[in-house]
Amino acid sequence: MAEVLNKIDTILYNIVSRHTLGAAIDGMKSMATDFRDFYPYDDMDRIEKDYGTMLGFIHTGYRDRNMEEQYHDLLRRLYTTVADMETRWRQKTLVYYVAAVKTAGNTGSSLDLIKSVLERHMADLAISALNISGNKQEENERHFVFMNKLFCHIWTSLQWNKGEMEFYTTLLTSGLITIDDAVIITAAINTGLINQWDPRKLQTLINVYTGCSDERIKQRALTGIAYGTCQDMSLFTDVSDTLEGLLQNEEVRKELLELQEQTFLCIDAEKDHRTIQKDVLPNIVKNNNLKITEFGIVEKDEDIMRDILHPEAEDKRQEEIEKGIKKIMDMQQSGSDIFYGGFSKMKSFPFFSTMSNWFCLYSQEHPALKEQKESEEFRRINDSILKAGHFCDSDKYSFAFVVSEWIKKLPKQVLEAMTAEQAAMAEMQKNDNNGSATIVRRLYLQDIYRFYKVSPMKDDMRNPFDSDKAKRKMWFFFIHPLFSKHMERERLELGRFLAKKKKWTELIALMESCNYGDDITAMQLHAWALLKDRDYQKAVRLFARTLETNPDNVMSLRGLAKASIYTEDYATAATAYGKLEEINENSLAATLNYCVLLIKTGRTEEALDVRFRHLYENGEDTLVKRILAWALLTKGDHDKAWRYYTDLIECDNPKADDFLNGGYCQWIRNNIADAVELFRTYMEKCDYTITQEKLIETFNNDRNILHSNEISNTDILVMADMVCYSRFV
């Protein structure tokens, strides 16, 4: 499958990005043998003939003003031909495409019939609401079967013509069909667009987004637009022009920014689940004093005794449970998909073998819930489910099926307790903003994320959440040139969001997708991302560039200093920290870092100036003392240095390096036995991760100090043996 799609993708790339018609035609002809059952011989003959005619005129010296448009028209015709060939190959080859085409049958053959069925269903619902006689259940089941057929037809359809685009635009914006039906149709268009890019399906979604008022339809259309903008659209200027016009609207840009951020949060669902499992739930379980037995839920005996003996423990335990629950609720409020871990394991019910069910709104009228809704207990819990607005529709169905299993197995009193608890949970979850664009969009994203992560059908489809760097342009739509061109402010907002989430690779991709000119904030975001991604040379250049126009910018100075240290350009780092110290004389960190770098660059005397001595004299800060001791050791004042290292070694929290540097002092002072013991303590403080080889490497890193005090390379090897092999001494 991958090999076939790669060949076709190469041809499509030649068409839409390179605009090389001859290469694309040759590429198609080379596939004629392998694709003989799907190859569009007639269409290709016509395209090749028309292109040959055009070239013939040009060859004679004829200049046609419309030549460029004719050339682009041939490219568009070839795109449609190639894309349709790929879709036909999928329809005959891939298991779930084959099944969907079989299910759809001839459903899409008459647009008038589709319109008639959907509008009649709307009327039937209005009549049934008046309690006029009729077999409501039977009609309902028949309509769900039709909608699944229509869903399968749309998502597996070939490239749309103008008539189909206009038909579905009118259908979805007319208000003459139910919201449930409109949602399924919109989701089907999105699925088709994700699997095979189609300019007219994309245009349909743009029309629906701008022409519809219901957020459940609008936000699905917006998601399809964003994920459908992964293609180079320079050939399809009618669509790109419409999109550019749409992006002039500040509210649209705001929604797209939210959608991009929500997509990142959605993709983090598995990571968030691991966080909850590892850091939150163990604490809640540990502090819960209940256990489940065959007679119900009871308190643990030992916990009852503990409450008598240690009454204060209950308050602490309750506090820990509340902290855990609050953390989960805070994650949810910030947009995290906290339910993914549990509900992703509840998608094996037969209900989810029907693809359209993954994308439909939750409804107790769904035929799959026919038996369940007869149960009074189920109806009560079902009402609670509907109130719990933070469950996506797919998860609500999962929960409904799980509840129906509980109802069959659990005692009545337990069910009553569950119903009361579920009602309380639903009240907690209840939110006045459940119908807001933000919430509606987030829940739809969770529906499609579950489908592309869990459903076996995903294996036959393009995954919009593919994490592969070359394929991420679908879900990471902000890197598309259209968005880069028109959303400068939103791009910076997204950059800050990515920095907060520590997504440095994505932040670099975002900044490299656009030309931000001399925007200081953009440059700083880019530079810090490069620093975090360990591309230190580029980071240095960018930080230096920001300082050209604003030499006192603290953030840029800090970044330049850090990046320069990693590139071992200590002189530049020292200059940056010196500037930081000038800007803020009270900054202990800037002063200490400045002094360390002065020592690194051999300017020890400057590090020991009056200001630094004054800083030390006004406090017993061990960090200050540590740097001062190192400066004295570097300068060659070993006796004074040893006095400071003695204080550091004897303090409450000595560092491993204190023993290492103290060992240097004693070694240089020829107190060899003391030096050996200090080096052994250094290794112990490092949990013996320092081997003899590592110890020699450490000594060599400081060889300038050792060599300047007549300690040779052989002395270093001998000292390492004495430290590591105690049998020798």
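### Digging into the overall build of the chain
Reasoning step 1: Within the chain one finds 38 helices and 2 strands.
Reasoning step 2: Taking all 729 residues of the chain together, the buried fraction comes to 49%.
Reasoning step 3: When contacts within the chain are restricted to residue pairs at least 6 apart in sequence, those whose partners lie at least 24 apart make up 67%.
Reasoning step 4: Entry remark: accessible area of the chain is about 37,000 Å², with carbon and sulfur atoms responsible for 50%.

### Re a nonpolar patch on the surface
Reasoning step 1: On the surface, Leu55, Ile58 and Met67 cluster together into a nonpolar patch covering about 240 Å² of accessible area.
Reasoning step 2: Mapped onto the elements, Met67 comes out in helix H4 (residues 67-93).
Reasoning step 3: Given a relative accessible area of 36%, Met67 falls into the partly exposed group.

### A look at the environment of Asp552
Reasoning step 1: Within the secondary structure, Asp552 sits in the loop between helix H26 (536-549) and helix H27 (554-566).
Reasoning step 2: Residue Asp552 is classed as partly exposed on the basis of its relative accessible area of 41%.
Reasoning step 3: Between the C-alpha atoms of Asp552 and Glu582, which are 30 residues apart in sequence, the distance is 9.7 Å.

### Thoughts on the confidence of the model for the chain
The predicted structure's coordinates, where accompanied by low pLDDT, should not be read in detail.
Reasoning step 1: Model confidence for the chain is summarised by a mean pLDDT of 86, while 84% of its residues fall at 70 or above.
Reasoning step 2: Confidence drops under a pLDDT of 50 for residues 290-299, and excluding neighbours within four residues, the segment shows 15 contacts in the predicted structure.

### Side note on the side chain of Gln196
Reasoning step 1: As for its placement among the helices and strands, Gln196 is situated in the loop between helix H9 (179-195) and helix H10 (199-211).
Reasoning step 2: If we skip the residues at most four places from it in the chain, Gln196 touches Leu12, Tyr79, Ala83, Glu86, Thr87 and Gln159.

### Some words on the packing of aromatic side chains
Reasoning step 1: Within this structure, the stated rule accounts for 43 aromatic pairs.
Reasoning step 2: When the ring of Phe264 is compared with that of Phe476, the centres are 5.3 Å apart and the planes differ by 80°; the resulting orientation is edge-to-face. Placement of the pair is Phe264 in helix H13 (residues 250-267) and Phe476 in the loop between helix H21 (437-454) and helix H22 (481-486), with a sequence separation of 212 residues.
Reasoning step 3: On the numbers, 5.1 Å between centres and 80° between planes, the contact of Tyr449 with Phe465 is edge-to-face. Of this pair, Tyr449 sits in helix H21 while Phe465 is found in the loop between H21 and H22, placing the two residues 16 residues apart along the sequence. Comparing Tyr449 with Phe465 shows no difference in burial state: the two are buried.

### Observations concerning unusual backbone geometry
A negative phi holds for most residues other than glycine; trans holds for most peptide bonds.
Reasoning step 1: Look at Arg534: it is not a glycine, yet its phi comes out positive at around 70°.
Reasoning step 2: Structurally, the position occupied by Arg534 is in the loop between helix H25 (520-532) and H26.
Reasoning step 3: If you check the backbone angles, Glu710 has positive phi at about 65° while not being a glycine.
Reasoning step 4: Locating Glu710 in the fold gives a position in the loop between helix H37 (703-708) and helix H38 (713-724).
Reasoning step 5: When its relative accessible area of 74% is taken as the criterion, Glu710 is described as exposed.

### Observations concerning the pattern of salt bridges
When charged atoms on two side chains of opposite charge get close, those side chains can pair.
Reasoning step 1: The tally for this structure, following the rule as stated, stands at 33 salt bridges.
Reasoning step 2: Two residues, Asp34 and Lys7, come together in a salt bridge whose shortest N-O distance is 3.8 Å. Of the two residues, Asp34 is situated in the loop between helix H2 (21-29) and helix H3 (41-59) and Lys7 in helix H1 (residues 2-16); the sequence distance between them amounts to 27 residues.
Reasoning step 3: The exposure class assigned to Lys7 is partly exposed, which follows from its relative accessible area of 38%.
Reasoning step 4: One salt bridge connects Glu86 with Arg462, and the closest N-O pair in it is separated by 2.8 Å.

### Points about the nonpolar core
Reasoning step 1: Counting 209 residues, the largest nonpolar core has Ile15 and Ile185 as its most contacted members.
Reasoning step 2: Beyond its immediate chain neighbours, meaning those up to four positions away, Ile185 contacts Leu118, Met147, Leu150, Ile154, Tyr168, Leu171, Leu172 and Ile177.

### Focus on H27
Reasoning step 1: If you check H27, its first and last C-alpha atoms are 19 Å apart, about what 13 residues at 1.5 Å a residue would give, namely 18 Å.
Reasoning step 2: Residues Ser556, Leu557, Gly559, Leu560, Ala561, Ala563 and Ser564 constitute the buried set of H27.
Reasoning step 3: Contact partners of the buried residues in H27: H25, H26 and helix H28 (570-583).
Reasoning step 4: Among the residues of H27, the N-terminal cap falls to Asn553, whose side-chain oxygen and the backbone nitrogen of Met555 are separated by 3.1 Å.
Reasoning step 5: Two residues or fewer past H27, Glu568 is found with a positive phi of approximately 65°.

### Things to note about the packing of H9 against helix H11 (residues 215-227)
What describes two packed helices is the angle between their axes and the distance between those same axes.
Reasoning step 1: Contact geometry for H9 and H11: axes closest at 9 Å, N-to-C directions at 5°. Looking at the two axes, H9 sits roughly parallel to H11. Between H9, through Ile179, Ala182, Val183, Thr186, Asn190, Leu193 and Ile194, and H11, the contact on the second element is made entirely by Arg216, Ile217, Arg220, Ala221, Gly224 and Tyr227.

### Structural notes on a positive patch on the surface
Reasoning step 1: Among the surface-exposed residues, Lys502, Lys532, Arg558 and Lys562 lie close enough to one another that they form a single positively charged patch.
Reasoning step 2: The partly exposed category is assigned to Lys532, whose relative accessible area is 46%.

### Regarding the side chain of Arg253
Reasoning step 1: Mapped onto the secondary structure, Arg253 falls in helix H13.
Reasoning step 2: Take Arg253: its relative accessible area is 14%, and that puts it in the buried class.
Reasoning step 3: Within the local environment of Arg253, its side chain forms a polar contact with the backbone oxygen of Gln248, the two atoms lying 3.1 Å apart.
Reasoning step 4: Other than its neighbours up to four places away in sequence, Arg253 contacts Leu247, Gln248, His486, Met487, Arg489 and Glu490.

### A look at helix H33 (residues 638-649)
Reasoning step 1: For H33, which comprises 12 residues, the first-to-last C-alpha distance of 16 Å matches the rise-based estimate of 16 Å (1.5 Å per residue) to within 8%.
Reasoning step 2: When we look at burial in H33, the residues that qualify are His638, Ala641, Trp642, Tyr644, Tyr645, Leu648 and Ile649. Looking down the long axis of H33, one finds its buried residues gathered within 165° of arc, a one-sided arrangement.

### So, the environment of Val454
Reasoning step 1: One can find Val454 in helix H21.
Reasoning step 2: Under the relative-accessibility criterion, Val454 is labelled partly exposed at 25%.
Reasoning step 3: Once the C-alpha coordinates of Val454 and Ser348 are considered, the two residues, 106 residues apart in sequence, prove to be 9.4 Å apart.
Reasoning step 4: With near-sequence residues (within four places) excluded, Val454 lies in contact with Tyr340, Ser344, Lys347 and Trp358.

### Quick notes on the environment of Thr521
Reasoning step 1: By secondary structure assignment, the location of Thr521 is in helix H25.
Reasoning step 2: The exposure class assigned to Thr521 is partly exposed, which follows from its relative accessible area of 31%.
Reasoning step 3: Distance from Thr521 to Gly495, taken between C-alpha atoms, is 9.7 Å for residues 26 residues apart in sequence.
Reasoning step 4: Residues within four places of Thr521 in sequence aside, it is in contact with Leu492 and Arg496.

Calculation criteria
Residues numbered from 1 in each chain as written. Predicted model: local features only at pLDDT ≥ 70, side-chain atom pairs only at ≥ 80, totals over all residues. Heavy atoms only, no water. Helix = DSSP H or I, 4+ residues; strand = E, 2+ residues; numbered from the N terminus. Buried < 20%, exposed > 50% of the residue type's maximum accessible area, 1.4 Å probe, protein only. Contact = heavy atoms within 4.5 Å. Areas by Shrake-Rupley, 256 points an atom, 1.4 Å probe, with all protein chains shown as cover. Patch = residues over 30% accessible without salt bridge, like charges linked within 9 Å, V, L, I, M, F, W, Y side chains within 5 Å. Salt bridge = Lys/Arg side-chain N within 4 Å of Asp/Glu carboxyl O. pLDDT = per-residue confidence, 0-100. Phe/Tyr/Trp six-rings, centres within 6.5 Å; stacked < 30°, edge-to-face > 60°. Core = buried A, V, L, I, M, F, W, Y, C linked by side-chain atoms within 4.5 Å. Expected span 1.5 Å × (residues − 1). Polar contact = N/O pair within 3.5 Å; in protein donor to acceptor, adjacent residues only side chain to side chain. Axes fitted to C-alpha atoms, helices over the stretch in contact; angles between N-to-C directions. Parallel < 35°, antiparallel > 145°, perpendicular 65-115°, else oblique. Lys, Arg positive; Asp, Glu negative; His and termini not counted. Charge placed at Lys NZ, Arg CZ, Asp CG, Glu CD. Arc of directions from axis to C-beta.

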